[in-house]
Amino acid sequence: QLLIRVWGSTSTEAKVLIDRQGSISFPKLGTLKLAGVKAGQMDAVVKAFFSKFYKDIEVSVSLGKLRKITVFVVGQGRNPGSYSLTGQSTLTSALFASGGPNANGSVRRVQLKRSGQLVTEFDLYGFLSQGQAAGDVRLIDGDVIFIPPAAGYVALQGAVNSQAVYELKSASEKLDQLLAVAGGLPI
C-alpha cells in the first residue's frame, strides 16, 4: 500500500494498493507501473506521472501496509515454526526473527526450499565474518528454511586471528578454508 499526497495546482490524497503486476491505478488517469522502482525513487516516478496531467505540483509518497508472507523455519532452529514477515524479507531476516540455529544446528548449511526444491544453501559464517550475502535471497510466501544438524566442530587455538570453536561445513573441509573463516593467521 502506498500513501500518495499531491499538492500545488491540484491537491489530493490517496491510499493505493500495488497489484501483483507491480502497478497502481488512478481513476480517469490510468495505470502506473512501479515494478522494479526503489522506494527512494518513488516520489519522482509518481510526480512524473501526475505531471502529465497537472502543472506545478509536488508529490509525497510513503509506504503504508506492506504485504505479509508466511515462511516456515524447521529442523535444528532455536524457535522452529511459522513466521509472518514482510514481502521484502530475506533469508537472514527470517533467521534473525526465529533466533537462528539451536546448539546442534548448522550455521554453515542453512537451506532455503521452495515448492520442495532447494533454492540456495547459505553460510552464515561467510555473511557475518566477511559480508558474503550471495545466498541471502528474498523470500516468498510458503518458503521453508531448513536448518540441518552441524557436520562437526573444530577448535582453533594459538596463532590464529580469532580463536574459537568453528563448525565444519563438511567432513572434507580443509584447514586453510577454516583458517579463512577464522580471519587467517596473524602477519
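Our structure is the block above this text.
Residues numbered from 1 in each chain as written. Predicted model: local features only at pLDDT ≥ 70, side-chain atom pairs only at ≥ 80, totals over all residues. Heavy atoms only, no water.

This part is about the overall build of the protein. A count of helical and extended segments in the protein gives four helices and 12 strands. For 187 residues, the compact-globule formula gives about 16 Å, and the C-alpha radius of gyration of the protein, at 23 Å, lies well above that figure. Based on the C-alpha atoms only, the size of the protein along its principal axes is roughly 70 × 40 × 25 Å. Residue pairs at least 24 apart in sequence account for 51% of intrachain contacts in the protein once pairs closer than 6 positions are excluded. Only carbon and sulfur atoms are counted for the fraction: they give 53% of the accessible area of the protein, which is about 11,000 Å². The averaged location of the 13 negative side-chain charges in the protein is 6 Å from the averaged location of its 20 positive side-chain charges. (Helix = DSSP H or I, 4+ residues; strand = E, 2+ residues; numbered from the N terminus. Rg over C-alpha atoms; globule rule 2.2 N^0.38 Å. Contact = heavy atoms within 4.5 Å. Areas by Shrake-Rupley, 256 points an atom, 1.4 Å probe, with all protein chains shown as cover. Lys, Arg positive; Asp, Glu negative; His and termini not counted. Charge placed at Lys NZ, Arg CZ, Asp CG, Glu CD.)

This brings us to the side chain of Thr 120. Structurally, Thr 120 can be placed in strand E9 (residues 117–122). For Thr 120, a relative accessible area of 14% corresponds to the buried category. With near-sequence residues (within four places) excluded, Thr 120 lies in contact with Leu 91, Val 110, Gln 111, Leu 112, Gly 135 and Val 137. (Buried < 20%, exposed > 50% of the residue type's maximum accessible area, 1.4 Å probe, protein only.)

Now for unusual backbone geometry. Phi is positive for Lys 28, close to 70°, though the residue is something other than glycine. In this fold, Lys 28 is placed in the loop between strand E3 (23–26) and strand E4 (30–33). We note that Asp 56 has phi near 50°; this positive angle belongs to a residue other than glycine. Mapped onto the elements of the fold, Asp 56 is located in the loop between helix H1 (42–51) and strand E5 (57–63). A relative accessible area of 70% places Asp 56 in the exposed class.

Taking strand neighbours across the sheet as the criterion, the five strands line up as E7-E6-E10-E8-E9 in an open arrangement whose pairing is mixed. Across the chains shown, the open sheet's two edge strands, defined by having one partner strand only, are strand E7 (81–86) and E9. On average, each strand axis in the sheet is inclined to that of its neighbour by 25°, with strand direction left out of account. (Pairing = 2+ DSSP bridges. Axes fitted to C-alpha atoms, helices over the stretch in contact; angles between N-to-C directions.)

On to the pairing of E9, then. Inspection of the sheet shows strand E8 (residues 110–114) paired to E9 by five bridges, in the antiparallel sense. Paired with Leu 112 across the two strands is Thr 120, which belongs to E9. Where E8 folds back onto E9 in an antiparallel hairpin, the turn is made up of two residues, including Ser 115, whose phi is positive at roughly 55°.

This part takes up H1. Along H1, the residues that are buried comprise Met 42, Val 46, Phe 49 and Phe 50. Along the long axis of H1, the arc covered by the buried residues comes to 95°, so they all point the same way. (Arc of directions from axis to C-beta.)

Turning to its location among the elements, Ala 155 is positioned in strand E11 (residues 153–156). Placed 10 residues apart in sequence, Ala 155 and Val 165 show a C-alpha to C-alpha distance of 4.1 Å. Not counting residues up to four positions away in its chain, the partners in contact with Ala 155 are Ala 164 and Val 165.

Core analysis: the biggest nonpolar cluster contains 25 residues, and Leu 139 and Ile 145 have the highest contact counts within it. Listing elements by their share of this core, those giving two or more residues are strand E6 (68–75), E7, helix H2 (91–98), E8, helix H3 (124–130), strand E10 (144–147) and helix H4 (175–181). Excluding residues within four positions of it along the chain, Leu 139 makes contact with Ile 69, Val 71, Leu 85, Gly 87, Ser 89, Thr 90, Leu 91, Ala 94, Leu 112, Arg 114 and Ile 145. Grouped together as the second largest cluster of nonpolar side chains are 15 residues, Val 16, Leu 34, Met 42 and Phe 50 included. (Core = buried A, V, L, I, M, F, W, Y, C linked by side-chain atoms within 4.5 Å.)

This part takes up the packing of aromatic side chains. Considering all chains together, one arrives at six aromatic pairs under this definition. Relative to Phe 127, the ring of Phe 122 lies with its centre 5.8 Å away and its plane at 50°, an arrangement referred to as tilted. Given the relative accessible area of 2%, Phe 122 is considered buried. The class for Phe 127 is partly exposed, based on a relative accessible area of 22%. Every member of this aromatic cluster is reached through a ring pair, and the members are Phe 26, Phe 49, Phe 50 and Phe 53. (Phe/Tyr/Trp six-rings, centres within 6.5 Å; stacked < 30°, edge-to-face > 60°.)

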